[in-house]
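Analysis of the macromolecular model
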Amino acid sequence: MISNGSSQQYSPVLVVAFYGLLLLRFVSDSLHSSSINIVINLALLSVAILTVFASKVPLLKTEFRYQWMGVVSFVVLFLLNIGFDLNFTLSEFFRVFFLVMLVNVFYLMFRRGFFSNTLSAFLLINIALILIGFLKIALGDYRVVEGAMRLNGTYSHPNPYGMHLMLIFMFCLGLYVSGYSKKIMSLTCVSAFIVFTQIFNFSSLLAVVLFAGLYLFFENRHKWSLVHYVLYPVVAFASFYLLYLISPVLGERVDLLIDTGLVSDLGYAVNSVQWRVMNWSYYLSNIDNLFLGGGVGSSDSFYKMRHYTLFTVLAPHNEWLKILFEYGVLGVLTLVGVFVHIFSKVGVLSRSLIIAFLFACFFDNFFKATSLIILVVLLVLFFEESRRRSEYL
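Only a predicted model underlies this, so the values are computations on that prediction, with no experimental measurement involved.

Here's the deal with the layout of surface pockets
- Its volume calculated, the second largest pocket comes out at about 1500 Å³.
- Taken together, 40 residues make up the lining of the second largest pocket; nearest its centre are Asp-29, Arg-95, Ser-156, Lys-368 and Ala-369.
- Elements represented by at least two residues in the lining of the second largest pocket include exactly α2 (34–54), α4 (86–111), β1 (142–145), α6 (158–177) and α12 (298–306).
- Element by element, the count of residues in the lining of the second largest pocket is highest for α4, at 9 residues.

Spelled out as structure tokens, the structure:
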């Protein structure tokens, strides 16, 4: 996934507009306004397209081969899975179609060297997200979620904000080992983690452990002995136990799980693990068509219809289950095929980050957070820009 475009200077106006809109997109979820999000999405896509055309590198027909394949594949899959609820169907269609188009434009920007000179701007807006977290801590902007007081960040729920912080943590960790400014990367990592200690989303924490483990494995698989493979999970568990001792938020959440158990025998859930297990089993038992699924948005319709009749019926909190429920085995295999293709094109850091994020999606609704998808795509492109530079040194 090496860029064909050379590094070049872009207009400061375009750079400021792009990253300013990106920052707005990262904080707009907390406003709970779909109309504002739509305006920001369209503005971000428009500025990204302007950036591509502002480049001195001409557009090539070969650049659109994979882009059109992706768009056509998405449209065909959508037509095979039109849901019964037209509102949910159209809403999800336009959201995913926007993401497909935005990712394609980001890739064109990457090939034209846009991300080679704008790392500082990207880090700056994410540092701003971390500082907002510190401000909310100072203001006491917490909410009770899953039995604990947790920081209410720049998203509509603490979990995606926690995932955002941990993605930045993984990104700066990756740049640290790639030789970028160790002071800046270390300070950003530490700051992001301090804010995260006021949230402690388990899936995000597991994603970090998996990211570090995968990177170490890919880089050292020909050097490590059995001792190293045993030592890493021991160190990871010891670190988790230390966090449990020093963090009130993590302590409260773990104590609740220990006191109430992971599986409920009461017929209702009293902690987040219990209702996830009950939810998953209920969704699995109500899949209409295992091969094609129930249609786009059918899980949302299912949730809305059953939420007030059964206490445990919530959004799936498992994106892979949601895809199976809506798109069936065909949809799951299509998505797996897309990621297998991506893995064959990217480096170790990108591969580790994507796998860690996809793993976290087994336990939460992270695909639904448009800002997180945009963030993951940009992190991968910056990792690939870093790899491109190292290969030309």
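Topic: the side chain of Ser-191
- Looking at the element boundaries, Ser-191 is found in helix α7 (residues 182–196).
- Ser-191 gets classed as buried once you look at its relative accessible area, which sits at 18%.
- Dropping the residues within four chain positions of it, Ser-191 is found in contact with Ile-130 and Phe-134.

Some remarks on the nonpolar core
- Phe-18, Tyr-19, Phe-106, Phe-115, Leu-167 and Phe-357 are the most contacted members of the largest nonpolar core, which totals 88 residues.
- If you tally residues by element for this core, the top one is helix α15 (residues 370–392), at 12 residues.
- Residue contacts for Leu-167: discarding those within four places in its chain leaves Leu-353, Phe-357, Leu-372, Leu-375, Val-376 and Leu-379.
- Grouped together as the second largest cluster of nonpolar side chains are 7 residues, Tyr-303, Leu-321, Leu-324 and Phe-325 included.

Focus on a nonpolar patch on the surface
- Among the surface-exposed residues, Phe-217, Leu-226, Val-227, Tyr-229, Val-230, Leu-231, Val-234 and Val-235 lie close enough to one another that they form a single nonpolar patch of about 740 Å² accessible area.
- Note that Tyr-229 resides in helix α9 (residues 226–246).

Concerning the pattern of salt bridges
- The full count for this structure, using the stated rule, is 5 salt bridges.
- The salt bridge involving Arg-388 is made with Glu-385; its shortest N-O contact spans 2.5 Å. Here Arg-388 and its partner Glu-385 are both found in helix α15, 3 residues apart, which amounts to about one turn of the helix.

Some points on the confidence of the model for the protein
- The pLDDT averaged across the protein works out to 82; a share of 84% of its residues lies at or above 70.
- The secondary-structure element of the protein with the lowest mean pLDDT is helix α3 (residues 64–80), recorded at 61, while helix α14 (residues 348–360) shows the highest, at 94.
- When the criterion is pLDDT under 50, residues 1–6 qualifies, and its contacts beyond four places in sequence or with other chains add up to 24 contacts.

Notes on the packing of helix α8 (residues 202–220) against α9
- Taken N-terminus to C-terminus, the directions of α8 and α9 make an angle of 155°; their axes are 11 Å apart at the nearest point. Between α8 and α9, the angle is such that the two are roughly antiparallel. The two elements α8 and α9 meet at a crossing, and its hand is right-handed. The segment α8 lies against α9, with Phe-202, Leu-205, Val-209, Ala-212, Gly-213, Leu-216 and Phe-217 engaging Tyr-229, Tyr-232, Ala-236 and Phe-240.
- Per-class residue counts for the contact of α8 with α9 are 10 nonpolar, 1 polar and no charged.

Parameters and conventions
Residues numbered from 1 in each chain as written. Predicted model: local features only at pLDDT ≥ 70, side-chain atom pairs only at ≥ 80, totals over all residues. Heavy atoms only, no water. 1 Å grid on protein atoms, 1.4 Å probe; cavity = no way out; pocket = protein on both sides within 12 Å on 5 of 7 lines; lining within 4 Å. Points joined across faces, edges and corners; volume = space filled by probe spheres on them. Helix = DSSP H or I, 4+ residues; strand = E, 2+ residues; numbered from the N terminus. Buried < 20%, exposed > 50% of the residue type's maximum accessible area, 1.4 Å probe, protein only. Contact = heavy atoms within 4.5 Å. Core = buried A, V, L, I, M, F, W, Y, C linked by side-chain atoms within 4.5 Å. Patch = residues over 30% accessible without salt bridge, like charges linked within 9 Å, V, L, I, M, F, W, Y side chains within 5 Å. Areas by Shrake-Rupley, 256 points an atom, 1.4 Å probe, with all protein chains shown as cover. Salt bridge = Lys/Arg side-chain N within 4 Å of Asp/Glu carboxyl O. pLDDT = per-residue confidence, 0-100. Axes fitted to C-alpha atoms, helices over the stretch in contact; angles between N-to-C directions. Parallel < 35°, antiparallel > 145°, perpendicular 65-115°, else oblique. Left-handed = near helix turned anticlockwise from the far one by under 90°. Nonpolar A, V, L, I, M, F, W, Y, C, P; charged D, E, K, R; others polar.

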